Amino acid sequence: MFDLYGYKDIFLAGAWLTLQVALLSLLLAVVLGLIAALAKLSHSSVLTGIATVYTTIIRGIPDLILMLLIFFGGQMLVNNMSYNFNEWLNGVMTGYYPNHEWTSYLPDYIDISPYFAGIVTIGFIFGAYMAETFRGAILAVDKGQMEAATAYGMNKYKRFSRIMFPQMMRHALPGLGNNWLVLLKTTALVSIIGLQDMVKIAGDASGSTQKPFTFYLVVALVFLLYTTISTSFLKWAEHKYRIQTR
Amino acid sequence: MTAPTLSIRNLHKSFADNEVLKGINLEAHQGDVISILGASGSGKSTLLRCVNLLETPTSGDILVNGELIEMKQDKKRGAIPASIKQVERIRSRLAMVFQGFNLWSHLSVIENVIEAPVHVLGVPKKEAIVKAEALLQRVGLYERKDYYPGQLSGGQQQRVAIARALAVEPEVMLFDEPTSALDPELVGEVLTVMRDLAEEGRTMLVVTHEMAFARDVSNKVLFLHQGLVEEEGKPELIFENPSSERFKQFISTVY
C-alpha cells in the first residue's frame, strides 16, 4: 500500500508540483496585490479605476471559470496575435521586397503550458484578494509613522520599503495567511487544464486501479500536511512581527 | 553677516477656503531658540509643518541657510515644490520632534536613532551606532537601546525622538508641542533635555504651551493669533510688557 500501487514516485512528483504552483502563484499574487493596493490608494483616478475594475471582476467570477477563460481564451488570443503579427510583418516586407518568399517569424501555434497558465491564473485571482488585504493593512499603519519618515528626508521608495512595508505586513499577516490557505487548495483546479499535479495523478491512478478512496485520501492528507505546516509558520511569523509592547 | 539659518517670508497657507496662515515672517539665526505660542487654531503647528514642507505653503518663501526652497504652480494642486529632491535634501537637515513622538514602532530604540543617518545621509552603520549610543547616553536611555518604542513611557519615547533628531546633526530642530501628549509628571524630563540643547547653542523652533520654557529658555517668542504674528520679541520684554491685549489675555489664562 505504501508504494501506492506503483504510483508513489509519480505521486510525489505531483505533490511537489502542487507546492511549486502554489508558491509561485503566491509570489505573483503578493506582487500584484501590492501594486493594486497602492493603485487603489493613489491620487490618480485612472490607477484607482483600473485597480477597482481588476478586483471587482476577479472577485466576482468563480475561480474555475476564470481558469478556463484564461487557459483556453489566452491560448486563442496568443495564437491570433501571432498569426496577425506574421501577416502584418509579411505585408510590410512584401512591400519592400516583392520577389522574396516571406515566412512566419513567430511560430504558427504557441502552446501555453498548463503549468504557466495555472500559475498566472491563480496568481491573478489571488492578487485581487491580496489587494484588499494590503489596502486595509496600509490604512492601519499610523499616519505619524510615514510623516516621520517624510520629515527625515526619506524618498518615497525608502518610505515604503523601510517604514511602510515592514509595518503593514504585521497587519496583513492574518489576512495573507488566510488567502494562502485558500490559494493552496485552489491549486487542485489546475488538474482540469491538464497539469500533472497530485490531484490529476490521483484521478488517473484511481481510474486504473479502481481505488479512488485510497488516492483521494492521500491527496487530502498531503493538503492537510501543507496547510498544517503553513499554519504553524504563520503563527510563528505573527509572533515575530507583532508590535513590541511591554 | 552670514545668512540666517532659517528665514520665512510672507508665508501663507490655506486649506480649501480656510486661510490658516496670513503672511508670516520669521528669521532664525544660528543658536536662536524661538518659542511659538498661540491658542489652538492659531496656525502655530501649521507654520512649523510648513518649514519642512509636511504642509505645502500656498505662497511665500522659505530659505534654509540662504537656500530658497523652489516652488512651482500646478494646475490642480496649486503651489508644489519644484524639486522633490531639493525638498528631501533640506528635510534631512531639519529634524522634527512630534507631539505624538512618531518613533518607528518596528525598530528598536537604537535602530530608530541610526535610521536617518544610515539610510538618508549615508553614514556608515558602525559610525552611526557609536554616535547613536553617545546620544542615547546623553538623553539617559542608553540602557534601553534594544527596547522597542512600545516598551517605553511617553517621556522616554520623546527623549529617544530627540536623540533621533540630534543624530542627523540638524541645522534647525523643529519641536511640535513636544510635551503636550505627556503625563504631567513626565514633562520635566523632556524639558530638561531641551534646556540642555538650548544652552549648547542649537537652533530650535518650538511650538509649545509651556510658558516657563518660552520665558526662561527661548531668546525670542512669537505669539500667533488667527494666522498672524500678534506679538513678538524677547521673552523678558513681552512677558513683562505685552503690547497686545490678546497676548496679555493669553498669558493670564495660561498661567
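Going along each chain's sequence as written, the residues are numbered from 1 onward. To label them, take the chains in the order written and letter them from A, then take the ligands in the order written and number them from 1. Whole-chain, interface and lining totals are the exception, using all residues; otherwise, since this is a predicted model, local features are given only for residues with pLDDT of at least 70 and side-chain atom pairs are given and counted only at 80 or more. To obtain the side-chain values, all non-hydrogen atoms of the structure were used and water was disregarded.

Colleague: Please explain the packing of aromatic side chains as it appears in this structure.
Modeller: Between 30 and 60 degrees the pair is tilted, below 30 it is stacked and above 60 it is edge-to-face, where a pair is any two Phe, Tyr or Trp rings, Trp via its six-membered ring, whose centres lie within 6.5 Å. All told, the structure shown has twelve aromatic pairs over all chains when counted by the stated rule. Measuring from centroid to centroid gives 6.1 Å for Phe160 of chain A and Phe165 of chain A, while their planes differ by 50 degrees, and the two rings are tilted. With 4.9 Å between their ring centres and 50 degrees between their planes, Phe223 of chain B and Phe247 of chain B make a pair best called tilted. Of the two residues, Phe223 of chain B sits in strand β11 (residues 220–225) while Phe247 of chain B sits in helix α9 (residues 245–254), which places them 24 residues apart along the sequence. For Phe223 of chain B, a relative accessible area of 3% translates into the label buried. Per the convention used, a helix needs a DSSP run of H or I reaching at least four residues, while a strand needs a run of E reaching at least two, with both numbered from the N terminus. Categorising residues by exposure relies on relative accessible area from a 1.4 Å probe, with only protein chains included: less than 20% of the type maximum marks a residue as buried, more than 50% marks it as exposed, and the intermediate range marks it as partly exposed.

Colleague: Explain the side chain of Asn102 of chain B to me, please; I cannot follow it from the model alone.
Modeller: Tracing the backbone through its elements, the reader meets Asn102 of chain B in the loop between β8 (94–97) and α3 (109–119). On the accessibility criterion, Asn102 of chain B (9% relative accessible area) is buried. A distance of 3.2 Å separates the side chain of Asn102 of chain B from the backbone oxygen of Gly144 of chain A, its partner in a polar contact. Here Asn102 of chain B is in contact with Asp142, Gly144, Gln145, Glu147 and Ala148 of chain A together with Arg164 of chain B, once residues within four sequence places are set aside. Here a polar contact is taken to be a pair of N or O atoms separated by no more than 3.5 Å, where protein atoms must pair a possible hydrogen donor with a possible acceptor and residues adjacent in sequence count only if both atoms sit in side chains. By definition in these notes, contact holds between two residues if any of their heavy atoms fall within 4.5 Å.

Colleague: Honestly, the side chain of Thr179 of chain B in this entry has me stumped. Any pointers?
Modeller: Along the chain, Thr179 of chain B turns up in the loop between β9 (172–176) and α6 (184–199). Once you skip the residues sitting within four places of it in the chain, Thr179 of chain B turns out to touch Val187, Val190, Leu191 and Glu210 of chain B.

Colleague: So what exactly am I meant to see when it comes to helix α2 (residues 45–60) of chain A here?
Modeller: Residue and element names in this part refer to chain A. End to end, α2 covers 22 Å across 16 residues, agreeing with the expected 22 Å (1.5 Å per residue, within 8%). All buried positions along α2 are accounted for by Ala51, Tyr54, Thr55 and Ile58. Along the long axis of α2, the arc covered by the buried residues comes to 90 degrees, so they all point the same way. Pointing more than 90 degrees away from the buried face of α2 are the exposed residues Ser45, Val46 and Gly60. What a helix is expected to span follows from its residue count: subtract one and scale by 1.5 Å. Of all possible arcs, the one meant is that of the directions from the helix axis to the C-beta atoms.

Colleague: Looking at this structure, how should I read the confidence of the model for chain B?
Modeller: Regions with low pLDDT should not have their predicted coordinates read in detail. Residue and element names in this part refer to chain B. Predictor confidence is given residue by residue as pLDDT, running from a minimum of 0 to a maximum of 100. Per-residue pLDDT for chain B has a mean of 92; in total, 99% of the residues score no lower than 70. Confidence, read as mean pLDDT per element, is least for α9 in chain B (85) and greatest for α3 (96). Interface predicted TM-score (ipTM) for the complex: 0.91; the corresponding pTM is 0.84.

Colleague: Whenever I open this one, the packing of α3 of chain B against helix α5 (residues 154–166) of chain B confuses me. Can you help?
Modeller: Each pair of packed helices can be described by the angle between their axes along with the distance between the axes. Residue and element names in this part refer to chain B. Remark: α3 packs on α5, axes separated minimally by 8 Å, with the N-to-C direction vectors making an angle of 30 degrees. It follows that α3 is roughly parallel to α5 by the angle criterion. Relative to α5, the crossing made by α3 is right-handed. Where α3 abuts α5, its residues Val109, Asn112 and Val113 lie against Val160, Ala163 and Arg164. Of the residues belonging to the contact of α3 with α5, the class tally is four nonpolar, one polar and one charged. To define axes, lines are fitted to C-alpha atoms, for helices over the stretch in contact only, and angles between the resulting N-to-C directions are given on a 0 to 180 degree scale. Working definition: roughly parallel below 35 degrees, roughly antiparallel above 145 degrees, roughly perpendicular at 65 to 115 degrees, and oblique for all remaining angles. Crossings are sorted by hand: turned counterclockwise from the far helix by less than a right angle, the near helix makes the crossing left-handed, and turned clockwise it makes it right-handed. Residues are grouped as follows: nonpolar covers Ala, Val, Leu, Ile, Met, Phe, Trp, Tyr, Cys and Pro; charged covers Asp, Glu, Lys and Arg; every other residue, Gly included, is treated as polar.

Colleague: Looking at this structure, I do not really get the nonpolar core. What am I missing?
Modeller: When a protein is soluble and globular, its nonpolar side chains tend to lie buried together. Residue and element names in this part refer to chain B. Residue types Ala, Val, Leu, Ile, Met, Phe, Trp, Tyr and Cys, when buried and joined through side-chain atoms within 4.5 Å, form a set referred to as a nonpolar core. Judged by nonpolar contacts, the single largest core of 79 residues is most densely connected at Leu6, Leu47, Ile162, Phe175, Met194, Met204 and Leu205. For this core, the leading source of residues is α6, giving eight residues. Setting aside chain neighbours within four positions, we find Met204 in contact with Asp32, Val33, Ile34, Met173, Phe175, Met194, Leu197, Ala198 and Phe213.

Colleague: Mind showing me how you'd approach the interface of chain A and chain B here?
Modeller: As a measure of interface size, the accessible area lost when the parts come together is often cited. Across the contact, 23 residues belong to chain A and 28 residues belong to chain B. Roughly 2200 Å² of surface becomes buried between chain A and chain B when both sides are summed, with 53% attributable to carbon and sulfur atoms. By convention in these notes, a salt bridge is any Lys or Arg side-chain nitrogen within 4 Å of a carboxyl oxygen on Asp or Glu. Where chain A touches chain B, the interface holds two salt bridges. A salt bridge links Glu115 of chain B to Arg162 of chain A, with the shortest nitrogen-to-oxygen separation between them at 2.7 Å. Linking chain A with chain B are 13 residue pairs in polar contact (both at pLDDT 80 or more). If you list the elements that add at least two residues to the side of chain A that touches chain B, you get α5 (143–151) and α6 (156–186) of chain A. The greatest single-element share of the side of chain A that touches chain B, amounting to eight residues, is contributed by α6 of chain A. Residues that form the side of chain A that touches chain B fall into these classes: seven nonpolar, eight polar and eight charged. Note on terms: buried area is the combined drop in 1.4 Å-probe accessible area of two parts once they are placed together, counting the loss on both.

Colleague: What's the story with the sheet that holds β9 of chain B in this structure? I'm lost.
Modeller: Each strand in a sheet pairs with its neighbour through backbone hydrogen bonds, running either in the same direction (parallel) or in the opposite one (antiparallel). Residues and elements named next belong to chain B. Strands qualify as paired when DSSP identifies two bridges or more between them. Strands sit in the order β8-β9-β10-β3-β11-β12 across an open sheet of six strands; the sheet is mixed. What marks the edges here is a single partner per strand, and that holds for β8 and β12 (228–233). Each strand axis lies, on average, 20 degrees off the axis of its neighbour in the sheet, ignoring direction. Across four bridges, β8 lies against β9 in parallel orientation. Note that in β9 the partner of Met96 across the bridge is Leu174. Along the sheet, α6 makes contact with β3 (33–38), β9 and β10 (204–207), crossing β10 at roughly 150 degrees.

Colleague: What is the right way to read the pairing of β9 of chain B from this model?
Modeller: Residue and element names in this part refer to chain B. Across the five residues of β9, five count as buried, placing the element largely inside the fold. The two faces of β9 match: Val172, Leu174 and Asp176 on one face and Met173 and Phe175 on the other face are all buried. For β9 and β10, the ladder comprises four bridges, and the chain directions are parallel. Considered in β10, the bridge of Leu174 is made with Leu205. With its strands directed away from the observer, a crossover is right-handed exactly when the path from the first strand over the helix to the second travels clockwise. A crossover connection joins β9 to the parallel β10 through α6; in handedness this β-α-β unit is right-handed.

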